[in-house]
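An overview of the molecular structure
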Amino acid sequence: MRTEVAIVGGGPAGLLLAHLLHQAGVATVVLEQRSREAVEHTIRAGVLEQGTVDLLGATGLGERLSRDGVVHHGIELRFGGRGHRIPLSELTGGRAITLYPQHEVLRDLISARLVAGGPLLFGARVTHLDNSPGRLPRLRYEQQGIETTLNCDFVVGCDGFHSIVRSAIPQRREFQTTYPFAWYGILQEGPPLAPELIYTHHARGFALASTRTPSLQRLYLQCPPDTQSEDWSDAHIRHELGLRLATADGAPITCCGKIIQKDVVAMRSFVCETMRHGRLLLAGDAAHIVPPTGAKGMNLALNDIRLLAPALVSAVRHGDDQLLQQYPADSLVRIWRAQRFSGWMTRLLHQMEDADPYQQRLQQTELERLVSSRAAALALAEEYVG
Ligand code: PHB
């Protein structure tokens, strides 16, 4: 089999790339290891930056998003038992975030791919990637017990943190750091706890109240990094949520809907700066991971594709690889900016185990400053809305 661009990974990055390349008349094959069912139902991120909403709209993917996405104009920072609103839109000249779950973005992308008629292979596992110098890349994949060889002009790894494509790149320039905690995430039936997201700093650990639909809420609690989802009972989760989200004025917390899913989200920061090696390219989580605190993961992945798609079109169509050469440097500007912001939000809001009393005071001072200085709040808002 032969194609122009083989895309490994059918997440948001891989599928948006396939969509944009199809619109430009470039042939692609998308290989996704998981089943369609699993892809469409795994609960992941939920916050789209303004720029991501604009990008999806401009490429014909905005119909359900503009109907079902919920626009938020602010977030709440809660600490010392008090809530403080950061008015994102007011601070940024009208920019906002949109709550629209990642699996809904994926449904939109999968239907666009099916309409386009391009190959999208589920349950397809790459078993070998041959990138010998002086030859076009070739990969082998296995689907339902059958091995197929795919020859192509380019291979793009959109295959997540454990990327096979990345592992085929020698001598990579990589940077990473880990955090001594994770997030315990739940999906809970019932109405939103509040009209906007609540990011809480508390002596017992960070908590975040987010939302998925008017009747399904997404909540997270800082937990030890080795926590398993079955370790925490419903009663324990409710108890922690109640304590961490409590306000001094005693406003009631409606945390008692049925918990229908529990999972633990790892926290790490990672950048592979070698996003291009000859005809191999990386995008999204294959090249970079941020802790979820800044809600940047999917936005960054889609921004990679915004830059990579025209670069591949010009290489495949016109044999001009100048944009491809520039792609890593262009992408890395945003990637490092998001690394800085996500790391800063994480250290700002979590209980940092190794923090001494002096550092705790600094953390407190930084929180106070964010809610008392317009300049400080603006700096947060600008990065958060993207
Ligand atoms: C989510 O809704 O899953 C979510 C929201 C905000 C974050 C992280 C995750 O910062």
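What you are looking at is a predicted structure, and each value in this text was computed from that prediction instead of being measured. (Residues numbered from 1 in each chain as written. Predicted model: local features only at pLDDT ≥ 70, side-chain atom pairs only at ≥ 80, totals over all residues. Heavy atoms only, no water.)

With that settled, consider the pairing of strand β18 (residues 268-272). Within β18, 4 of the 5 residues are buried, leaving the element largely enclosed by the surrounding structure. Note that strand β12 (residues 174-178) and β18 share 5 bridges and pair antiparallel. Paired with Thr178 across the two strands is Arg268, which belongs to β18. Strand direction decides the pairing type here: β18 and strand β21 (residues 288-289), joined by 2 bridges, are antiparallel. (Buried < 20%, exposed > 50% of the residue type's maximum accessible area, 1.4 Å probe, protein only. Helix = DSSP H or I, 4+ residues; strand = E, 2+ residues; numbered from the N terminus. Pairing = 2+ DSSP bridges.)

Further remarks concern the domain arrangement of the chain. Splitting the chain by domain gives domain 1 (2-46 + 101-173 + 273-344) and domain 2 (179-267 + 353-385). Using only C-alpha atoms to locate each centre, domain 1 and domain 2 end up separated by 31 Å. The contact between domain 1 and domain 2 buries some 1400 Å² in all, and 61% of this surface belongs to carbon and sulfur atoms. Here Arg337 and Glu383 are joined by a salt bridge, their closest N and O atoms 2.9 Å apart. At the boundary of domain 1 and domain 2, one finds 5 residue pairs in polar contact (both at pLDDT 80 or more). Taken together, the residues that form the side of domain 1 that touches domain 2 break down as 8 nonpolar, 4 polar and 4 charged. (Domains from an automatic or database assignment. Buried area = accessible area lost by both parts, 1.4 Å probe. Salt bridge = Lys/Arg side-chain N within 4 Å of Asp/Glu carboxyl O. Polar contact = N/O pair within 3.5 Å; in protein donor to acceptor, adjacent residues only side chain to side chain. Nonpolar A, V, L, I, M, F, W, Y, C, P; charged D, E, K, R; others polar.)

Attention now moves to the site of the ligand. Around the ligand sit Val47, Trp183, Leu197, Tyr199, Leu208, Ser210, Arg212, Arg218, Tyr220, Pro292, Thr293 and Ala295, and those are all the residues in its vicinity. One nitrogen or oxygen atom from the side chain of Tyr199 is found 2.7 Å from an oxygen atom belonging to the ligand. Take Pro292: an N or O atom from its main chain is 2.9 Å from an oxygen atom of the ligand. Protein contacts shield 97% of the accessible area of the ligand, which totals 280 Å² for the unbound molecule. Of all elements in the fold, only β15 (207-213) and β16 (216-223) reach the threshold of two or more residues within the shell around the ligand. For the shell around the ligand, the element with the most residues is β15, which contributes 3 residues. Viewed by domain, the shell around the ligand spans two of them, domain 1 (2-46 + 101-173 + 273-344) and domain 2 (179-267 + 353-385), each represented by three or more residues. (Near = heavy atom within 4 Å. Areas by Shrake-Rupley, 256 points an atom, 1.4 Å probe, with all protein chains shown as cover.)

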